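Chains, contacts and geometry: an overview
Each chain, written out:
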Amino acid sequence: MEKTMSIRKNELVVRDVMLGNNQFPIVRERILIKETLDKMNEFSIGIACVVNDKMLLKAVFCDGDIRRTIISNQQTLSAFFVDDVFDHAVKDYKFVTENTTLIDAVKLMGKLKIWDLPVIDSNAKLKGLLHLHPAILSLLN
Amino acid sequence: MSQPTKDIFIGYGDVTPIKIGDRCPLVLIAGPCAIESYDHTFLIADKLFNICRKVGIKWIFKSCYDKDCRSSPESFHGLGLEEGLQILSAIRKEFNVPIVSDFSDVAWAKKTGEVCDLVQVPAYLCRQSSILRAAAETGRPVHLKKGQFMSPWNMKNSVRKLESFGCEQILITDRGTFFGYNQLVNDMTCFPIMKKTGYPVCFDATHSIQLPTSMGNVSGGQRAFIPCLVRSAVASGVNALFMEVHNDPKRALSDPNTVLNIKYLEIILRQAKEIHNLRLEQLENYGEDNVHTEK
C-alpha cells in the first residue's frame, strides 16, 4: 500500500496541482507597480506574472523584487508606485512546464528558495502557477 | 535611467514639420506670453525669425490668446479666441513656422487645434481629464506642461490619460516645482524621469524663474537665472527649450517680471545649441547614460 502511494506521488506532475490563470496575479508589461501590488494583494500571492498581449510570459515580479528595489533604488514610494512593473521585473525567470514532476518542481523551489514558479509551454505561453502550499499538500496527502 | 524616446512631429499642411526627439537638434518654442496686438506679435515673430536663422535653430512660435490663470481680475487676459487665432494663423503663414497656444477651456480646444500645430495644456490644468481629452481630440500633438504641484513621475498619469484619449504625440515640459510658498525650484532629474514616459521633454526657462504671485496680485521673477538654468537643462538632456520673450519686458501685458528681453535670446540660444550638440556627440561616443543601481 505504502509503495503504491509512493509511486503515485512520484507520478504527480505540475499540471495536477498548479493554479489556473484566473487564480493568481497576471499583469501586462506597462501596468504600474501600484496596480501590480493591488493585484498581488487581491490574490494574497507574492508573485505577479508579467505577460504580453499573447499571454507570453515576459517577466515575473515578486515580493523579493519589491524589497530589493526599495533598498537599492531609494526612490520615494510615490515614484516607485508609478514605475512600469516591467522595469523592475525579472526577465530571466525560472519556470517549469505542466509535465515537470511535482517532486522535481518542489526540489527546484527549495534550491532557489522561492515559493512560486510560473508554468509555461514551449512557446513561453503562461499556463499556470505552481504555488508551494498546494504542491506540498499534494505530496503529503 | 535614460532611454530613447519617440520622436514627435510638429507641423501640418504647408508648414514643414519640426521633429523633436532624442537624437534631434534642439528646438525652440518662443514668443510673447500673451498676444498683445497684431503689430506686436509680428514684431516679436520677426525678431525670432532672424535670431533663429542666425543661430541655426528650428523654432515654434508661441503666444496665447487668453491667459486664464492671471493673478488679478484686472490683469490682461488676451485678445480672445477669435482674434488671437487669426493673428497666430497670420504668423504661421508669413513665417512658415508652426504655432502653439494653450487653451484653458474645453470649449476652446477644437478651434485651437484647427489653427495651431501644437496645442498646449496649461500647467495648472495638467491633470484635468476633460482638458486632456479635449487636447487629444484635436488630433494635434500636445504640449503638456508639468504642474508646479506635480512630481515628475506623476506626470505619467497625465500621459496615460492622453494616450487613452488617442494622443501619441506628446511633449512634456517642466516649468519649475513649488518650493514652499511663492517660490519655485528646478529639479534637473525631472527630465530623465519624465522621459521614462517615452516622450521627449522640454524646459520652460522663463516660467521656471517665476516667483508665483509673490508681489501680492502679480508674480515676480528672477530673470538673472535664465541662462544658468537653460545651460543646466540642456546638459541634462532636454529636447526642446521654451522661453517667453518680449522687446520691452517692463511693458509686457502678461508676465512682465519673467519674460526674457529678446535682446538676450541669441547668446543664450548659442550656448544652448553648443551644449546640446556636445551632448549629442557624447551620446554618439559613449551611448545613453548607463548607471544603474545594483540589487
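Owing to the predicted nature of the structure, the values given are computational and were not obtained by experimental measurement.

**Notes on the overall build of chain A**
When helices and strands are counted, chain A shows 8 helices and 5 strands. Starting at the N terminus and walking to the C terminus, you meet the elements of chain A as α-α-β-α-β-β-α-α-α-α-β-β-α. Seen through its C-alpha atoms, chain A measures out along the principal axes to roughly 60 × 30 × 25 Å. When the 141 residues of chain A are sorted by exposure, 43% land in the buried category. The long-range share in chain A, meaning contacts at least 24 apart out of those at least 6 apart in sequence, stands at 58%. Here chain A displays about 7900 Å² of accessible surface, and carbon together with sulfur accounts for 54% of that area.

**Things to note about the overall build of chain B**
What chain B contains, in helices and strands, is 9 helices and 15 strands. Taking 19 Å as the expected radius of gyration for a compact globule of 295 residues, we find that chain B reaches 18 Å, a close match to that expectation. The C-alpha extent of chain B, read off along each of the three principal axes, is 55 × 45 × 40 Å. The buried share of chain B, reckoned over its 295 residues, is 55%. Expressed as a percentage of contacts within chain B between residues at least 6 apart in sequence, the contacts between residues at least 24 apart total 69%. Total accessible area on chain B stands at roughly 12700 Å², and carbon and sulfur atoms take up 50% of it. Distance between charge centroids for chain B: 2 Å, based on 34 positive and 32 negative side chains.

**With respect to the interface of chain A and chain B**
At the interface, 15 residues of chain A touch 9 residues of chain B. Taken together, both faces of the contact between chain A and chain B bury some 1000 Å²; the carbon and sulfur share is 45%. Along the contact surface separating chain A from chain B lie 3 salt bridges. Where chain A touches chain B, the interface holds 6 residue pairs in polar contact (both at pLDDT 80 or more). Listed by contribution, the elements that provide at least two residues to the side of chain A that touches chain B are α4 (63–73), α5 (77–81) and α6 (85–88) of chain A. Looking at which element gives the most residues to the side of chain A that touches chain B, the answer is α4(A), with 4 residues. Looking at side-chain class alone, the side of chain A that touches chain B contains 3 nonpolar, 6 polar and 6 charged residues.

**A closer look at the packing of helix α1 (residues 38–55) of chain B against helix α2 (residues 81–95) of chain B**
Residue and element names in this part refer to chain B. Following both chains from N to C, one finds α1 and α2 inclined at 30 degrees, their axes separated by 10 Å at the closest point. Relative to α2, α1 is oriented so that their crossing is right-handed. Contacts between α1 and α2 involve Y38, T41, F42, A45, D46 and F49 on the former and, on the latter, I87, A90, I91, E94 and F95. Broken down by class, the residue content of the contact of α1 with α2 amounts to 8 nonpolar, 1 polar and 2 charged.

The rules we used
Residues numbered from 1 in each chain as written. Chains lettered and ligands numbered in written order. Predicted model: local features only at pLDDT ≥ 70, side-chain atom pairs only at ≥ 80, totals over all residues. Heavy atoms only, no water. Helix = DSSP H or I, 4+ residues; strand = E, 2+ residues; numbered from the N terminus. Buried < 20%, exposed > 50% of the residue type's maximum accessible area, 1.4 Å probe, protein only. Contact = heavy atoms within 4.5 Å. Areas by Shrake-Rupley, 256 points an atom, 1.4 Å probe, with all protein chains shown as cover. Rg over C-alpha atoms; globule rule 2.2 N^0.38 Å. Lys, Arg positive; Asp, Glu negative; His and termini not counted. Charge placed at Lys NZ, Arg CZ, Asp CG, Glu CD. Buried area = accessible area lost by both parts, 1.4 Å probe. Salt bridge = Lys/Arg side-chain N within 4 Å of Asp/Glu carboxyl O. Polar contact = N/O pair within 3.5 Å; in protein donor to acceptor, adjacent residues only side chain to side chain. Nonpolar A, V, L, I, M, F, W, Y, C, P; charged D, E, K, R; others polar. Axes fitted to C-alpha atoms, helices over the stretch in contact; angles between N-to-C directions. Left-handed = near helix turned anticlockwise from the far one by under 90°.

Any functional reading would require information beyond the geometric quantities listed.
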